[in-house]
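So you can see what is in the structure, the chains are spelled out below.
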Amino acid sequence: MGAFFGTSTVTTYVESSAGAAAGARTGLAAVVTALLFGGSIFLAPFLGMVPAAATAPILVVVGILMSADIGGIDWHDLEKAIPAYCTMTIMCFGYNIADGIAVGFVTYSFVKLVVGKWQDVTWLVRVLTVIFLVRFGMMLL
């Protein structure tokens, strides 16, 4: 539904995973999130009155919280570090979380192919990699 209404599907996924990380397991958190997203349709015009200068500090705090997980990446293992770096770079400089994740899938698969560990790539990641490659190819046309 998020994609149908023009919202990045990653946004709703992040909301759901935040609930799960906080201990939500029954699905009630997803229902509450859906209701709040639905209610936000009516509040959007009012929230549009808030200037960007007022929301910028909150985005900095969110960025800091997201950056905390970077320390968990094994930067000495290039099979993990290269896709992670490419994902973060595209997210930041491309202003698009979904494109960053897509580049991460493609880069991960490419690195595994180059080092001869293609068998470690699951079938789902392989399928998603092909879909993302087709998508990026279509963007060039």
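Quick notes on the rules
- Residues numbered from 1 in each chain as written.
- Predicted model: local features only at pLDDT ≥ 70, side-chain atom pairs only at ≥ 80, totals over all residues.
- Heavy atoms only, no water.
- Helix = DSSP H or I, 4+ residues; strand = E, 2+ residues; numbered from the N terminus.
- Expected span 1.5 Å × (residues − 1).
- Buried < 20%, exposed > 50% of the residue type's maximum accessible area, 1.4 Å probe, protein only.
- Contact = heavy atoms within 4.5 Å.
- pLDDT = per-residue confidence, 0-100.
- Axes fitted to C-alpha atoms, helices over the stretch in contact; angles between N-to-C directions.
- Parallel < 35°, antiparallel > 145°, perpendicular 65-115°, else oblique.
- Left-handed = near helix turned anticlockwise from the far one by under 90°.
- Nonpolar A, V, L, I, M, F, W, Y, C, P; charged D, E, K, R; others polar.
- Polar contact = N/O pair within 3.5 Å; in protein donor to acceptor, adjacent residues only side chain to side chain.

## A few points about helix α4 (residues 78–94)
- Between its first and last C-alpha, α4 extends 23 Å over 17 residues, near the 24 Å set by a 1.5 Å rise per residue.
- Residues Glu79, Ala81, Pro83, Ala84 and Thr87 constitute the buried set of α4.
- For α4, the secondary structure elements touched by its buried residues are α5 (97–114).
- Count one or two residues on from α4 and you reach Tyr95, which has phi positive near 55 degrees.

## Brief notes about the confidence of the model for the protein chain
- Considering every residue of the protein chain, the mean pLDDT works out to 83; 87% of them sit at 70 or more.
- The lowest-confidence element of the protein chain is helix α1 (residues 9–21), averaging 62 in pLDDT; the highest-confidence one is α5, averaging 93.

## Quick notes on the packing of α4 against α5
- At a minimum axis distance of 8 Å, the contact between α4 and α5 shows a crossing angle of 155 degrees. Overall, the two elements α4 and α5 adopt an arrangement that is roughly antiparallel. Considering the relative orientation of α4 and α5, their crossing is right-handed. On α5, the residues that touch Leu78, Glu79, Ile82, Pro83, Cys86, Thr87, Ile90 and Met91 of α4 are Ile97, Asp99, Gly100, Ile101, Val103, Gly104, Thr107, Tyr108, Val111 and Lys112.
- Taken together, the residues of the contact of α4 with α5 break down into 11 nonpolar, four polar and three charged.

## Section: the side chain of Glu79
- If you trace the backbone, Glu79 turns up in helix α4.
- Of note is the side chain of Glu79, whose polar atom sits 2.8 Å from the side chain of Lys112.
- The residues contacting Glu79, other than those within four sequence positions of it, are Tyr108, Val111, Lys112, Val115 and Lys117.

## A few points about the side chain of Thr129
- You can see Thr129 is positioned in helix α6 (residues 123–140).
- Residue classification places Thr129 among the buried residues on the basis of a relative accessible area of 6%.

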